[in-house]
Structure formats: structure tokens, C-alpha cells
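# Reading the structure
Here is how the chains run, residue by residue.
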Amino acid sequence: MTFLILACAVPTPKIFYPFFVLLFYALSVLPVFIAKRTTPVNETNPKTEFALFLTAGMVLSAFALPIVLAHSAVITWTACTLTLISNVINYATIFGYAMHDEEQYGSMF
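Residues numbered from 1 in each chain as written. Predicted model: local features only at pLDDT ≥ 70, side-chain atom pairs only at ≥ 80, totals over all residues. Heavy atoms only, no water.

Counted only if it meets this: UniProt positions are given in the numbering used here, feature names are shortened, and annotations may be inferred rather than shown by experiment.
An unreviewed UniProt entry annotates the protein chain as Leptin receptor gene-related protein isoform X2 of Drosophila pseudoobscura pseudoobscura. Annotation of the protein chain in UniProt includes, under Subcellular location (unreviewed entry), the sentence "Membrane". UniProt, in its Sequence similarities (unreviewed entry) section for the protein chain, records the words "Belongs to the OB-RGRP/VPS55 family."

Below, the structure is given as C-alpha cells:
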């Protein structure tokens, strides 16, 4: 989140377009968690595959949005770079949490 805030503040003050990726952060995890709740463990079905497809589309959109905004000169390329760094950090954290096993003391991978 620090890089995302810097993307809005450092290159050109008061341009908050990079914050639109927060929508993708919130919405990208919903299909997988809903499918995980309604599907038995270790079973794949079309519902799970469609949830993964939607999640992949939202993650791709989160990376594409700052690039499109920078290419159209709405934000600077510095803001784009900071937003992309923020995307990598946040999605790595979300992936690490999703891979977390339900053990007593916890296991990351």
C-alpha cells in the first residue's frame, strides 16, 4: 500500500487514478473464496475453474490498468511503476495467504 500511496502523491500531486486498483484487490479474491466454500476439498469442477478464470482476469486487469493510464498520459510512468510494484507485493501477499494450510501452528507453503 505504501507504493500505491506514493504513486498518487510523488509524481503529480492530487492524481488519484492509481487507487482504482484497490477495486481489483478487493474483488479478485472473492470468486476463489466463494468457490472454496461451496466445493468439497481437493475436487475440481466447472465452478472452481470459472472462479480461477475470473480471478486471473481481475489480476491481469490490475496490472493492465496503470499501463493503459500511463500510455494515455493520465498518470506518469513513475506512478505506473510504483503501482505495478504495489501490485506485485499485494498479490504475493494474497497468494501467500491463499496457500496457507489450516494447521494448528500454520504453514505458509
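This is not the end of the story, as more comes after the structure.
## Digging into the UniProt feature "transmembrane region" (unreviewed entry) in the protein chain
Cut-off, in case you're wondering: Only runs of H or I of at least four residues qualify as helices and only runs of E of at least two qualify as strands under DSSP, and these elements are numbered from the N terminus.
Cross-referencing UniProt, the feature "transmembrane region" (unreviewed entry) maps to residues 15-34, 50-69 and 75-99 in the present numbering. Strand forms 0% of residues 15-34 and helix 65%; the C-alpha atoms that close the span are 34 Å apart. Helix makes up 100% of residues 50-69 and strand 0%, with an end-to-end C-alpha separation of 28 Å.

## Thoughts on the packing of aromatic side chains
The following threshold applies: Within 6.5 Å between ring centres, the rings of Phe, Tyr and Trp (the latter by its six-membered ring) count as paired, and their orientation is classed by plane angle as stacked under 30 degrees, edge-to-face over 60, tilted in between. For every residue, the accessible area (1.4 Å probe, protein chains only) is compared with the maximum for its type, and the residue is labelled buried under 20%, exposed over 50%, or partly exposed between those bounds.
Counted by the stated rule, this structure contains 6 aromatic pairs. On the basis of an interplanar angle of 25° and a centroid distance of 6.4 Å, the ring pair of phenylalanine 50 and phenylalanine 53 is categorised as stacked. Note that phenylalanine 50 and phenylalanine 53 are positioned in helix α4 (residues 46-71) at a spacing of 3 residues, about one turn of the helix. The two residues phenylalanine 50 and phenylalanine 53 agree in class, both being exposed.

## Brief notes about the packing of helix α2 (residues 21-28) against helix α5 (residues 77-98)
Here is the rule we go by: Where helices are involved, their axes are fitted lines through C-alpha atoms of the stretch in contact, as for all axes, and angles between N-to-C directions lie from 0 to 180°. Each angle is binned into one of four classes, with values under 35 degrees roughly parallel, values over 145 roughly antiparallel, values of 65 to 115 roughly perpendicular, and all other values oblique. For any helix crossing, the convention is left-handed if the near helix is rotated counterclockwise from the far helix by under a right angle, and right-handed if that rotation is clockwise. Working rule for contacts: check all heavy atoms of both residues, and any pair within 4.5 Å makes them a contact. Under this grouping Gly is polar, as are all residues other than the nonpolar Ala, Val, Leu, Ile, Met, Phe, Trp, Tyr, Cys and Pro and the charged Asp, Glu, Lys and Arg.
Where α2 contacts α5, the axes come no closer than 11 Å and their chain directions differ by 15°. Overall, the two elements α2 and α5 adopt an arrangement that is roughly parallel. Both α2 and α5 take part in a crossing whose hand is right-handed. Where α2 abuts α5, its residues Val21, Phe24, Tyr25 and Ser28 lie against Thr83, Ser86, Asn87, Asn90, Tyr91 and Ile94. Partitioned by chemical class, the residues of the contact of α2 with α5 number 5 nonpolar, 5 polar and no charged.

## Here's the deal with a nonpolar patch on the surface
The condition is simple: Patch rule: a residue counts if its relative accessible area is over 30% and it has no salt bridge; like charges are joined within 9 Å, and nonpolar side chains (Val, Leu, Ile, Met, Phe, Trp, Tyr) within 5 Å. What sets the accessible areas is the Shrake-Rupley method with a 1.4 Å probe; for residues, cover comes only from the shown protein chains. The rule for a salt bridge is simple: a side-chain nitrogen of Lys or Arg has to be within 4 Å of a carboxyl oxygen of Asp or Glu.
Nonpolar side chains collect at one region of the surface, where Tyr17, Phe20, Leu23, Leu27, Leu30, Ile34 and Val74 lie side by side and expose about 650 Å² of accessible area between them. Secondary-structure elements contributing two or more residues to the nonpolar patch are α2 and α3 (30-38). Within the secondary structure layout, isoleucine 34 lies in helix α3. Judged by relative accessible area, isoleucine 34 falls into the exposed class, the value being 55%.

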